[in-house]
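Single-letter residue listing:
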2 protein chains.
Amino acid sequence: MINKITTAIAHPNIALIKYWGDLDVDLHIPVNSSISMNLDGLFTRTTVTYSSEITRDDLFIDGQPASEIAQKRVEYFLDRFRKIYKISGYFQIESASNFPINAGIASSASAFAALSLAVTDACGLSLSEADLSRLARLGSGSACRSIPGGFVEWQAGYNHESSFAFLIASPSHWCLVDCIAIVDTEEKETSSRQGHELAQSSPLQQARIMNADQRLDECRFAIMSRDFDLLARVVELDSNMMHAVMMTSNPPLLYWKPATISIMKSVIEWRMAGIPVCYTVDAGANVHVLCEAENSGAILNQLKEIPGVLLVLEAGPGGAATLEIRN
Amino acid sequence: MINKITTAIAHPNIALIKYWGDLDVDLHIPVNSSISMNLDGLFTRTTVTYSSEITRDDLFIDGQPASEIAQKRVEYFLDRFRKIYKISGYFQIESASNFPINAGIASSASAFAALSLAVTDACGLSLSEADLSRLARLGSGSACRSIPGGFVEWQAGYNHESSFAFLIASPSHWCLVDCIAIVDTEEKETSSRQGHELAQSSPLQQARIMNADQRLDECRFAIMSRDFDLLARVVELDSNMMHAVMMTSNPPLLYWKPATISIMKSVIEWRMAGIPVCYTVDAGANVHVLCEAENSGAILNQLKEIPGVLLVLEAGPGGAATLEIRN
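As the structure is a prediction and not an experimental result, all values here were calculated from the model.

Reading the values: the criteria
- Residues numbered from 1 in each chain as written.
- Chains lettered and ligands numbered in written order.
- Predicted model: local features only at pLDDT ≥ 70, side-chain atom pairs only at ≥ 80, totals over all residues.
- Heavy atoms only, no water.
- Helix = DSSP H or I, 4+ residues; strand = E, 2+ residues; numbered from the N terminus.
- Rg over C-alpha atoms; globule rule 2.2 N^0.38 Å.
- Buried < 20%, exposed > 50% of the residue type's maximum accessible area, 1.4 Å probe, protein only.
- Contact = heavy atoms within 4.5 Å.
- Areas by Shrake-Rupley, 256 points an atom, 1.4 Å probe, with all protein chains shown as cover.
- Lys, Arg positive; Asp, Glu negative; His and termini not counted.
- Charge placed at Lys NZ, Arg CZ, Asp CG, Glu CD.
- Core = buried A, V, L, I, M, F, W, Y, C linked by side-chain atoms within 4.5 Å.
- Pairing = 2+ DSSP bridges.
- Axes fitted to C-alpha atoms, helices over the stretch in contact; angles between N-to-C directions.
- Domains from an automatic or database assignment.
- Salt bridge = Lys/Arg side-chain N within 4 Å of Asp/Glu carboxyl O.
- Polar contact = N/O pair within 3.5 Å; in protein donor to acceptor, adjacent residues only side chain to side chain.
- Nonpolar A, V, L, I, M, F, W, Y, C, P; charged D, E, K, R; others polar.
- Buried area = accessible area lost by both parts, 1.4 Å probe.
- Bend = angle between axes of the 7 residues up to and from the residue.
- Least-squares fit on C-alpha atoms with pLDDT ≥ 70 in both.
- Parallel < 35°, antiparallel > 145°, perpendicular 65-115°, else oblique.
- Left-handed = near helix turned anticlockwise from the far one by under 90°.
- Expected span 1.5 Å × (residues − 1).
- Arc of directions from axis to C-beta.

**Side note on the overall build of chain A**
Thinking step 1. Tallying secondary structure elements over chain A gives nine helices and 16 strands in all.
Thinking step 2. Its C-alpha atoms give chain A a radius of gyration of 19 Å, near enough to 20 Å, the size a compact globule of 327 residues would have.
Thinking step 3. Once the C-alpha set of chain A is aligned to its principal axes, its extents read approximately 65 × 40 × 35 Å.
Thinking step 4. The burial tally for chain A puts 60% of its 327 residues in the buried class.
Thinking step 5. A fraction of 75% describes how many contacts in chain A between residues 6 or more apart in sequence connect residues 24 or more apart.
Thinking step 6. For chain A, the computed accessible surface area is about 12,700 Å², with 52% contributed by carbon and sulfur atoms.
Thinking step 7. When the 25 basic and 37 acidic side-chain charges of chain A are each reduced to a single mean position, those positions are 4 Å apart.

**Brief notes about the nonpolar core**
Thinking step 1. The biggest cluster of nonpolar side chains holds 52 residues, and the ones touching the most others in it are Trp256, Ile263 and Leu303 of chain A together with Trp256, Ile263 and Leu303 of chain B.
Thinking step 2. The contact partners of Leu303 of chain A, leaving out residues within four places of it in the chain, are Cys179, Ala181, Ile263, Trp270, Val289, Val309 and Val312 of chain A.

**Section: the sheet that holds strand β10 (residues 151–155) of chain B**
The strands making up a sheet associate through hydrogen bonds between their backbones, and the pairing can be parallel or antiparallel.
Residue and element names in this part refer to chain B.
Thinking step 1. Across the sheet, which stays open at both edges, the four strands sit in the order β2-β5-β10-β11 with antiparallel pairing between neighbours. With one partner strand each, in any of the chains shown, β2 (13–17) and β11 (164–169) form the two edges of the open sheet. Ignoring strand direction, the axes of neighbouring strands in this sheet form an average angle of 35°.

**Some points on the domain arrangement of chain A**
Residue and element names in this part refer to chain A.
Thinking step 1. Under the domain assignment, chain A is made up of domain 1 (3–172) and domain 2 (174–315).
Thinking step 2. Its C-alpha centre places domain 1 at a distance of 23 Å from the equivalent point of domain 2.
Thinking step 3. Of the residues lining the interface, 36 residues belong to domain 1; the matching set on domain 2 comes to 46 residues.
Thinking step 4. Our count for the domain 1 to domain 2 interface comes out at two salt bridges.
Thinking step 5. For the pair domain 1 and domain 2, the interface holds ten residue pairs in polar contact (both at pLDDT 80 or more).
Thinking step 6. Sort the elements by how many residues they give to the side of domain 1 that touches domain 2 and strand β2 (residues 13–17) lands first, with five residues.
Thinking step 7. Residues of the side of domain 1 that touches domain 2, tallied by class, amount to 21 nonpolar, ten polar and five charged.

**Points about the interface of chain A and chain B**
Accessible area lost during the coming together of the parts is what is often quoted as the interface size.
Thinking step 1. Between chain A and chain B, the contact holds 23 residues from the first and 23 residues from the second.
Thinking step 2. In this assembly, chain A packs against chain B so that about 2,100 Å² is buried in total across both faces, 77% of it on carbon and sulfur atoms.
Thinking step 3. Counting every contact that joins chain A to chain B gives zero salt bridges.
Thinking step 4. At the junction of chain A and chain B, the tally comes to six residue pairs in polar contact (both at pLDDT 80 or more).
Thinking step 5. Residue assignment for the side of chain A that touches chain B shows that the elements contributing at least two residues are α5 (205–210), α7 (228–247) and α8 (258–272) of chain A.
Thinking step 6. Of the residues belonging to the side of chain A that touches chain B, the class tally is 14 nonpolar, five polar and four charged.

**Quick word on helix α9 (residues 293–305) of chain B**
Residue and element names in this part refer to chain B.
Thinking step 1. If you look at α9, its biggest bend is around 25°, right at Ile299.
Thinking step 2. Asn295, Ser296, Ile299, Leu300 and Leu303 are the residues of α9 that are buried.
Thinking step 3. Looking at the packing, one finds that the buried side of α9 touches β12 (176–182), α8 (258–272), β13 (277–280), β14 (287–292) and β15 (311–315).

**So, unusual backbone geometry**
All names here are of chain A.
Thinking step 1. That bond from Asn250 to Pro251 is cis: its omega, 0°, falls within 30 degrees of zero.
Thinking step 2. Even without a glycine there, the phi angle at His28 is positive, about 55°.
Thinking step 3. In this structure, His28 sits in the loop between β3 (22–24) and β4 (29–30).

**A word on the relation of the copies chain A and chain B**
Thinking step 1. If you rotate chain A by 180° and push it 0.0 Å along the axis, it lands on chain B with an RMSD of 0.0 Å. Both chain copies can therefore be described as sitting about a two-fold axis. The C-alpha atom lying nearest the rotation axis in chain A is that of Pro258 of chain A; the distance is 1.9 Å.

**Observations regarding the packing of helix α1 (residues 68–85) of chain B against helix α2 (residues 107–122) of chain B**
Residue and element names in this part refer to chain B.
Thinking step 1. Where α1 contacts α2, the axes come no closer than 12 Å and their chain directions differ by 40°. As the angle between them shows, α1 and α2 are arranged oblique. Seen along the crossing, α1 lies across α2 with a hand that is right-handed. On α2, the residues that touch Arg73, Val74, Phe77, Leu78 and Phe81 of α1 are Ser108, Phe112, Leu115, Ser116, Val119 and Thr120.
Thinking step 2. Classifying every residue of the contact of α1 with α2 gives seven nonpolar, three polar and one charged.

**Let's talk about the pattern of salt bridges**
A side chain with one charge can pair with a side chain of the opposite charge if their charged atoms come near.
Residue and element names in this part refer to chain A.
Thinking step 1. Enumeration over the complete set of coordinates arrives at 30 salt bridges over all chains.
Thinking step 2. The shortest N-O distance in the salt bridge between Arg82 and Asp57 comes to 2.6 Å. Within this pair, whereas Arg82 is found in helix α1 (residues 68–85), its partner Asp57 is found in the loop between β6 (44–51) and β7 (58–61), the two being separated by 25 residues in sequence.
Thinking step 3. The class for Arg82 is buried, based on a relative accessible area of 10%.
Thinking step 4. A salt bridge links Arg215 to Asp238; the shortest N-O distance between them is 2.6 Å. Taken together, the residues Arg215 in helix α6 (residues 212–224) and Asp238 in helix α7 connect sequence positions 23 residues apart.
Thinking step 5. Each of Asp57, Asp79 and Arg82 takes part in salt bridges that share partners, so that together they form one network.

**Examining the sheet that holds β15 of chain B**
Residue and element names in this part refer to chain B.
Thinking step 1. Overall, antiparallel pairing links the four strands, which are arranged β13-β14-β12-β15 in an open sheet. The sheet terminates laterally at β13 and β15, the two strands that pair on one side only. Strand-to-strand twist in this sheet, taken as the mean axis angle between neighbours without regard to direction, amounts to 25°.
Thinking step 2. Summarising the sheet, β12 and β14 pair through six bridges and their orientation is antiparallel. Looking at β14, one finds that Ala181 is bridged to Val287.
Thinking step 3. The strands that helix α7 (residues 228–247) touches are β12, β13 and β14; relative to β13, the one it contacts most, it runs at about 20°.
Thinking step 4. Its contacts with the sheet put α9 on β12, β13, β14 and β15, and the angle it makes with β14 is roughly 145°.

**Remarks on helix α6 (residues 212–224) of chain B**
Residue and element names in this part refer to chain B.
Thinking step 1. With 13 residues, α6 extends 18 Å between its outermost C-alpha atoms, agreeing within 8% with the 18 Å of an ideal straight helix rising 1.5 Å per residue.
Thinking step 2. All of the buried residues in α6 are Ala212, Arg215, Leu216, Glu218, Cys219, Ala222 and Ile223. For α6, the angular spread of buried residues about the axis comes to 170°, placing them on one side. Seen from the buried face of α6, the exposed residues on the opposite side, beyond 90 degrees, are Asp213 and Phe221.
Thinking step 3. On its buried face, α6 sits against β2, β5 (34–38), β10, β11, α5 (205–210) and α7.
Thinking step 4. Downstream of α6 by a residue or two, Arg226 has a phi angle that is positive, lying close to 50°.

What follows is the structure in structure tokens.
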């Protein structure tokens, strides 16, 4: 009789070079490679029970049965997992995140990263980091970046085998801090998943893709050489390029709110005044304000003063997805 | 002895398909054709005195000697005018606009259109509309669109001869109303002229240009067939595409303010609720909200309720540049 309970923890990540648009919608093979930083302190904790007494997959989020959409999405993921690794049986999954979900912080990334690690361990599998990353990608594209730790690059690739993420610098390499200015905690009107499918309808998407390798190289170099000025330039450009594509897709997606603009403009002003700081905005209205640890206290306080900012979270570079309990 | 005083009036115009970036910076030959509507009720009134007693070009704006930048720009324009039309002598120019300048309403367009008409008349020249449009373009690109009346297309062309504007529909063709929500009356940090030069530094500009003919065709068709839904789609797309280029140029230009986003989002909501309305934003923070005359009263009132809106101007389709007084 099988009966194993495993808990894994994974951090969400903030994309410094963004993922927007798929080459293969079903496998989440992206049209361009991306770079991210895991967010320490923020996490999804997922417990998987694998038992012969369980007769269907059941998902609980924050102690409540999940919505039908979330339940179906996880079932679809688990079906693929079972098929790839020739597993039979079902799982009970309890997942909880310590940050607002559906608010531009990629909760699906940490959720599918933690689930991938927990479910493979529950089945007695010990996958390589690359294989875990591939598996997590099937649940949510950006989840593949929450498997390795620190600063991570997701090589776009062209099929399931070639598309996975790897560490480019450990968390201790650079004490960057992401001050996350939350201006909206409501569910997004258009989910990232739907948005990815719209990306190709923008007349600007192809130009964004064509320029992606250059931005990727600059971002990787900025991280490796801890060059904040270069990082600021390329991270803001990349964020603006993604939102440029969003707002010119058909139908257009305008994720920004008035406070989003207030924060972006404040960040630009602060940088012009000599403070190393930059912004990036995911598929939502919240603004991730990046700075070095020595300036994060002051920036955190200044962000709280901006009208429309509901709260500010703070996160340094986070580690890899890890198992919490084995039994 | 020469002594002639002439006054001309010209309207600013709102671009429905935008001009952003030059093929020839000096001649203001644009990289793409554009379409605009003249704005009735708003105007620049310019009086030119051409007299053998005048020994230098002198520009007065709203009764005050102009700034050195404005004075030099007009002198440069007049030098080219004198060269092309073999005119000698100097001019005294008094110009006044009845709307806030440098706030995203193209004051340079109405100013150079009125100046072109007034100065040619003062010299006893009677130019064709196309030639007046070419001349006005030398002062400010979009000024060429303020020479003809109503709905106007500026054929980009490739040299001075081929780049001019013409009427595509008279003012009475369609009772569109531009409700201009002013959120900022301060001078722009980056002028349109500087911005045009930055356009090519955006990795998205080429894609914007490549798609311009399609947008132009759709906009022209929407106007000719009075198809508001099509107009809304293409006008908002084109505005977003220009701002996409602006915010991804090097350095980036972020003209929007928090209230700009508030208005854009409100307009989208109103349209989803069934009201034919759309937005377009020039190189500034103010939002031009287009609707049909029957809805303009209600929209005007709703715009005034949005926080950050300082005042709302209202303009239907305006006529051609005209002479006011001959003597």
